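Coordinate analysis (summary)
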Amino acid sequence: MKKITIILFYISALTAIQVMAQEFKEKYRPQFHFTPKANWMNDPNGMVFHNGTYHLFYQYYPHDKIWGPMHWGHATSKDMVSWKEQPIALYPDSLGYIFSGSAVVDKNNTAGFGKDALVAIFTHHDPVQEKQKTGKHESQSIAYSLDEGKTWTKYKGNPVVKNPGISDFRDPKVRWFEPQKKWIMTLATKDRITFYSSPDLKTWTRESDFGANEGGHGGVWECPDLFPIMHEGKETWVLIVNINPGGPNKGSAGQYFLGNFDGKTFTSNSKETKWLDFGADNYAAVTFSNTGSRNILMGWMSNWQYANQVPTDPWRSANTIARELGLKTVGKELYLTSVPVKELDALNAAGFSMKHVRVKDQLDLTEKAKNKTGLFRLDLSTENTADFSVLLANEAGNELIVGYDKAANQYYIDRSKSGKTDFEKGFGERHKAPRFATEEKISFTLIADVASVELFADNGLTVMTDIFFPESEMSKLYIKSASGIALDNLKYTVLKSAVK
Ligand code: FRU
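Computed from a prediction, not measured in an experiment: that's the story for all the values here.

Cut-offs used in this document
- Residues numbered from 1 in each chain as written.
- Predicted model: local features only at pLDDT ≥ 70, side-chain atom pairs only at ≥ 80, totals over all residues.
- Heavy atoms only, no water.
- Helix = DSSP H or I, 4+ residues; strand = E, 2+ residues; numbered from the N terminus.
- Domains from an automatic or database assignment.
- Contact = heavy atoms within 4.5 Å.
- Buried area = accessible area lost by both parts, 1.4 Å probe.
- Salt bridge = Lys/Arg side-chain N within 4 Å of Asp/Glu carboxyl O.
- Polar contact = N/O pair within 3.5 Å; in protein donor to acceptor, adjacent residues only side chain to side chain.
- Buried < 20%, exposed > 50% of the residue type's maximum accessible area, 1.4 Å probe, protein only.
- Phe/Tyr/Trp six-rings, centres within 6.5 Å; stacked < 30°, edge-to-face > 60°.
- Lys NZ or Arg CZ within 6 Å of the ring centre and 35° of its normal.
- Near = heavy atom within 4 Å.
- Nonpolar A, V, L, I, M, F, W, Y, C, P; charged D, E, K, R; others polar.
- Pairing = 2+ DSSP bridges.

Considerations on unusual backbone geometry
- Here the residue pair Asn158 and Pro159 is connected by a cis peptide bond, since its omega of -5 degrees sits within 30 degrees of zero.
- Structurally, Pro159 can be placed in the loop between strand S8 (153-154) and strand S9 (169-177).
- Along the chain, Asn244 connects to Pro245 via a cis peptide bond; the corresponding omega equals -10 degrees.
- When you line up the elements, Pro245 lands in the loop between strand S14 (234-244) and strand S15 (253-261).
- The backbone phi angle of Ala284 is positive, close to 60 degrees, even though this residue is not glycine.

Structural notes on the domain arrangement of the protein
- The domains assigned to the protein are domain 1 (1-30), domain 2 (33-340) and domain 3 (349-495).
- Using only C-alpha atoms to locate each centre, domain 2 and domain 3 end up separated by 30 Å.
- The partner domain 3 presents 30 residues to the 30 residues of domain 2 that form the contact.
- Buried area between domain 2 and domain 3, summed over both chains or domains, comes out near 2400 Å², and the portion from carbon and sulfur atoms is 63%.
- Across the domain 2-domain 3 interface, the total number found is three salt bridges.
- A salt bridge links Glu429 to Lys250; the shortest N-O distance between them is 3.3 Å.
- Counting every contact that joins domain 2 to domain 3 gives 16 residue pairs in polar contact (both at pLDDT 80 or more).
- Sort the elements by how many residues they give to the side of domain 2 that touches domain 3 and strand S22 (residues 333-340) lands first, with six residues.

Digging into the pattern of salt bridges
- According to the stated counting rule, one finds 30 salt bridges in the structure shown.
- Notably, a salt bridge pairs Glu207 with Lys264, separated by 3.2 Å at the nearest N-O pair. In this pair, Glu207 sits in strand S12 (residues 205-210) while Lys264 sits in the loop between S15 and strand S16 (266-268), placing the two residues 57 residues apart along the sequence.
- We classify Lys264 as partly exposed; its relative accessible area is 42%.
- For Glu343, the salt bridge is made with Arg294, and the minimal N-O distance between the two is 2.8 Å. Residue Glu343 is found in the loop between S22 and strand S23 (348-364), and its partner Arg294 is found in the loop between strand S18 (283-287) and strand S19 (296-300); the two are separated by 49 residues along the sequence.
- Exposure remark for Arg294: the relative accessible area of 19% places this residue in the buried category.
- One connected set of salt bridges, linked through shared partners, spans Glu138, Asp168, Arg170, Asp171, Lys190 and Glu222.

Notes on the packing of aromatic side chains
- Under the counting rule described, the total for this entry stands at 36 aromatic pairs.
- With a centroid separation of 5.5 Å and an interplanar angle of 75 degrees, the aromatic rings of Tyr58 and Tyr60 are classed as edge-to-face.
- Relative to Phe99, the ring of Trp67 has its centre 5.9 Å away and its plane inclined at 80 degrees; by these criteria the two rings are edge-to-face. Pair noted here: Trp67 is in the loop between strand S2 (53-61) and strand S3 (71-77) and Phe99 is in strand S5 (residues 97-106), with a separation of 32 residues, a long-range link.
- A residue is classified by how much of its surface remains accessible, and Trp67, at 32% relative accessible area, is partly exposed.
- A connected cluster of aromatic rings, assembled from ring pairs, spans Tyr28, Tyr306, Phe423, Phe427 and Phe469.
- Over the aromatic face of Phe352 sits the side chain of Lys368, whose NZ or CZ is 5.1 Å from the ring centroid.
- A cation over a ring is seen here: Arg415 above Phe427, with NZ or CZ 3.7 Å from the ring centre.

Brief notes about the site of the ligand
- Around the ligand lies a shell formed by Asn42, Asp43, Gln59, Trp67, Met70, Phe99, Ser100, Arg170, Asp171, Glu222, Tyr283 and Trp304.
- Note that an oxygen atom of the ligand is positioned 3.1 Å from one of the side-chain N or O atoms of Asn42.
- A distance of 2.6 Å is found between an oxygen atom of the ligand and a side-chain nitrogen or oxygen belonging to Asp171.
- When contributions to the shell around the ligand are tallied by element, the ones reaching two or more residues are strand S1 (39-50), S5 and S9.
- Split by residue class, the shell around the ligand holds five nonpolar, three polar and four charged.

Some remarks on the sheet that holds strand S6 (residues 117-125)
- Taken in spatial order, the four strands of this open sheet run S5-S6-S7-S8, and their pairing is antiparallel. With one partner strand each, in any of the chains shown, S5 and S8 form the two edges of the open sheet.
- Inspection of the sheet shows S6 paired to strand S7 (residues 138-145) by eight bridges, in the antiparallel sense. Within the sheet, the bridge partner assigned to Leu118 lies in S7 and is Ser145.

And the structure:
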């Protein structure tokens, strides 16, 4: 009898493990980008580091693969690379759906919920009022957790910021402003940003507006962020504003402004419209809270142009990898840079390096790479600037090309022949991005997962993120250059799956 029980136990444990493994092996399933097991996800929300754990909340609809009444899903990680999905954190209620927002650690117990309480600040979106066209259907609310984000209590005084009559009034990003010992809320208010301040996260005062006449205005402003970065001994404030549509390669994208913030007003130091990422698939990107002097960005790796149609099952959407932000001056302009977080190195497996390689026409790296999965990181630096491209391909004849066009001084990603593209007419296109760096040498880091590439050129001065849907693993790899190019260094690293 006992034996049978033990055997049965083993069989069920084995089946559970196999189910898990199969679940994350579906066609197009990313292996080191966060995806929910099933159903719809959009924006990352409430990203916060607390007691050694990174928390990711996200816009989630648990009942279907398309956008619906929003909840906050939840996942945790020790390294921002391998994520574990947790039970849903916030459910819709009588005030509406739970739209995007942020989370903070209330170290000084300003709100009185408890020392070190996790406080989520989010938008309540009321679908009933939306239908009635009151123009007041979005307001800001708070909830707190005293058990590491497992359970949440919504504040009984919600909403804490009422809508003054602005139809798009959402996505609060809150941070502590130490010089004046107060909280600052950065809120997207249709075609601009409105800053609010508060001593306790419960009562908010409007401080100022920014942006009605600055930056890109090809769509509605959403999901902002505000934080300082120290650069060459000077503090610069970064204001991120996501916009949809109106991105540089159509649809959704993130722009940013650099300047000063004095606790009341943000002033931009440039008139140039700047983009966080020129690819089509990095939206609603904002930074983690409570990470000290590190500024770590993560976005939703999709685009409202086709997010509801991408051919994945049983889930929809992934996040980008986490990226560390910095600043770099080129000529008279200052730019934000982003590079993969160093934690990603945990996935490094076998690989090879080559020095001083001249590529004329084509260098086939498929044999050397011996990589059936197609998951890799490629770091290369050139001796000169010339046309070249990196080609990912498979047995089915799908091709994804990432390259540099010298005449146009542009980087590009061409996904027109990358596999399944017919689910939306604009999907199979070639995306372009300017090169800002002025050095002769190009440095180029490419991170490839099952269904995405992320390009970090010139140490993160130009970044592009694109998803694609190949028929099988992109296990073939070539470097191409018709004009010829000299590579100083080439380092290829196979990446392991982060699915546990
Ligand atoms: C951005 C966005 C947010 C909103 C959320 C709704 O992708 O439209 O502005 O809060 O998604 O899911």
